[in-house]
Amino acid sequence: MSIWERFERINPRFIFLLMLFVLITPMIRPIGLPVYITPLTQALYDWVEDLPPGSVVLFDSAFAPGSASEIEPTMRALLHHLFQNDHKVVMMAQWELGAMHSSTVLDELAAEYGKEYGVDYANVGWRAGSENWFIGLRDDFIGGMVGVDMSGNDLTEMPLTRDLAAVRPEYFAGVVCFASGNPGVDDWVTYNPNMPLFVQATAVQVPTYMRFVETRQIEALLSGQAGGAQYEQLVGQLGEASRLMDPQGAGHLLIITLMILGNIAFIVNSKKRAAK
Amino acid sequence: MKRELPMLLALGAALLRLFLELSHYQRTEMQWQLHTNQWWAFLAATAVFIGVINLCRLHMHRIRRKVAHWQMSAWCLFVMASFGLYGILLKGPFQAGNQEHWFRWIFDSVLQPADRTMFSLLAFYIASAAYRSFRMRNLEATVMMVTAAVLMLNQASIGPMIWSGWGDMAGWFMDIINAPAQRGLAIGIFLGSYAMVLRMFLGLERKHLGL
């Protein structure tokens, strides 16, 4: 049996081990691969830089913890950026698990910058009701949230939220949607198209959202962990995404190498089979 | 009447929704319109409760019949009931809030790592599939393989180190090839959904009524 025939019949467990090795090695010994900033990441950074002081930015967590490795780094870097520039953050969620996950991140970053809950940031969480709930928010934000935040505090008693009558550009400077599927970006584009929309999506979702970028329905689109690493570089707060770009690069290289070798094996073995 | 009444209700709801959306387009919001949206949201929220009842019925049935892996059904019911009841009992049934330490601990230390681990496994399966599935069997498969390789090289930092042109090439794939295709797909899905909804509202489609 030739080496190419053996390669075609290789035990997948061997590939799993190889992948594990390729992912772990750069974590222990970082390579320091450069991170290139894309125009779509730069657009989010420039928007935050140009915001008037004290602007209220709405975060929408439309993801589950499974996608957090790709999405959370941007959320952290963006919170650094917003809190450094004295902006305010209101967090809502279209996914219930996203609400729980994001509240941990928000609380951590707010504590780091000494921000006061209800004045500088608030977390209103998730509500059942899907599209109808979401549509209602564009007319009545507090009513749509049943008047309370994620911890049961009265929204009309908090300085930050009491005047936020509706999810409209008059009350929020823009919305940053952290999305890994539906509901998410499509709801903003369809039901609330007037809100300036910025998106951090999992890499697998990015092709679906590119059509909104072309039509300027999305102002900025950050792709997966790479988007997070780029934003960390821009803000100067290197975190998990920057650290994990080396393993990601090595993992991709292994996959491409396997694709090339698999095709060589396929061609060589096909020719052999045809000759027989 | 059993058939006509649900159909009439569906038609009425559809016309109301259409009217609301069209009037909102002109930004002439009215109080009753807002209340209708919130009422709809409440109705949708009650569906969660119905979902829980359905899930219980399904798994109770599996446990009673002792079908294969019925223990998993029991575990599912136990986890759902214990996590749900714990959350409700913390503050009482009519109070909001889920920031309690142990409630958060279950989420942060059990659910979150489990969910992340499940997604992380994809990396291994993709690597394994890479050498078996991405084959140049025909023109279509070759095009797909080349596109995947270009986009991967663009996404990873290592790509631009090999050649700086991956970004432009990936951009061309995404903007010129992918975006119009996605748009076409979205329009197709919309037309299909629209036709289906129209059939339901006109009473031509009755499967959702169990007829």
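Worth saying up front: this structure is predicted, and the values here are computed from it rather than measured.

Some words on the domain arrangement of chain A
Then, in step 1: Domain assignment breaks chain A into domain 1 (3-30 + 244-275) and domain 2 (39-238).
Then, in step 2: Each of domain 1 of chain A and domain 2 of chain A was reduced to a C-alpha centroid, and the two centroids are 39 Å apart.

A closer look at the pairing of strand β1 (residues 56-62) of chain A
Residues and elements named next belong to chain A.
Then, in step 1: Here β1 lies mainly inside the structure; seven of its seven residues are buried.
Then, in step 2: Residues of β1 alternate between two faces, with V56, L58, D60 and A62 on one and V57, F59 and S61 on the opposite face, all of them buried.
Then, in step 3: With six bridges connecting them, β1 and strand β2 (residues 88-93) associate as parallel partners. Note on β2: the bridge partner recorded for S61 is A93.
Then, in step 4: Considered for its hand, the β-α-β crossover made up of β1, helix α4 (residues 68-84) and β2 is right-handed.
Then, in step 5: Note that β1 and strand β4 (residues 174-179) share six bridges and pair parallel. By the bridge assignment, F59 is partnered in β4 with V176.

Some details on the sheet that holds strand β3 (residues 121-125) of chain A
All names here are of chain A.
Then, in step 1: An order of β3-β2-β1-β4-β5-β6 is seen for the six strands of this open sheet, with the pairing classed as parallel. Each edge of the open sheet is held by one strand with a lone partner, namely β3 and β6 (220-223). Strand-to-strand twist across the sheet, computed as the mean angle between neighbouring axes with direction ignored, equals 15 degrees.
Then, in step 2: Across the sheet, helix α10 (residues 224-235) lies against β5 (197-201) and β6, angled at about 110 degrees from β6, the strand it touches most.

Some remarks on α4 of chain A
Because an α-helix packs 3.6 residues into every turn, residues spaced three or four apart end up facing the same way.
All names here are of chain A.
Then, in step 1: For α4, spanning 17 residues, the distance from its first C-alpha to its last is 23 Å, which sits close to the expected 24 Å at 1.5 Å a residue.
Then, in step 2: With 13 of 17 residues buried, α4 is to be regarded as a mostly interior element.
Then, in step 3: One or two steps after α4, the chain reaches D86, where phi turns positive at roughly 60 degrees.

Concerning the interface of chain A and chain B
Then, in step 1: Counting residues at the interface gives 69 residues for chain A and 58 residues for chain B.
Then, in step 2: Buried area between chain A and chain B, summed over both chains or domains, comes out near 5500 Å², and the portion from carbon and sulfur atoms is 64%.
Then, in step 3: Looking at the side of chain A facing chain B, the largest losses of area belong to M100, R211 and M259 of chain A, adding up to 12% of the total buried there.
Then, in step 4: On the surface where chain A and chain B come into contact, there are two salt bridges.
Then, in step 5: Between R135 of chain B and E8 of chain A there is a salt bridge, and its shortest N-O distance comes to 3.2 Å.
Then, in step 6: Across the contact surface, chain A and chain B share twelve residue pairs in polar contact (both at pLDDT 80 or more).

Cut-off values and rules
- Residues numbered from 1 in each chain as written.
- Chains lettered and ligands numbered in written order.
- Predicted model: local features only at pLDDT ≥ 70, side-chain atom pairs only at ≥ 80, totals over all residues.
- Heavy atoms only, no water.
- Domains from an automatic or database assignment.
- Buried < 20%, exposed > 50% of the residue type's maximum accessible area, 1.4 Å probe, protein only.
- Helix = DSSP H or I, 4+ residues; strand = E, 2+ residues; numbered from the N terminus.
- Pairing = 2+ DSSP bridges.
- Right-handed = clockwise from strand over helix to strand, strands pointing away.
- Axes fitted to C-alpha atoms, helices over the stretch in contact; angles between N-to-C directions.
- Contact = heavy atoms within 4.5 Å.
- Expected span 1.5 Å × (residues − 1).
- Buried area = accessible area lost by both parts, 1.4 Å probe.
- Salt bridge = Lys/Arg side-chain N within 4 Å of Asp/Glu carboxyl O.
- Polar contact = N/O pair within 3.5 Å; in protein donor to acceptor, adjacent residues only side chain to side chain.

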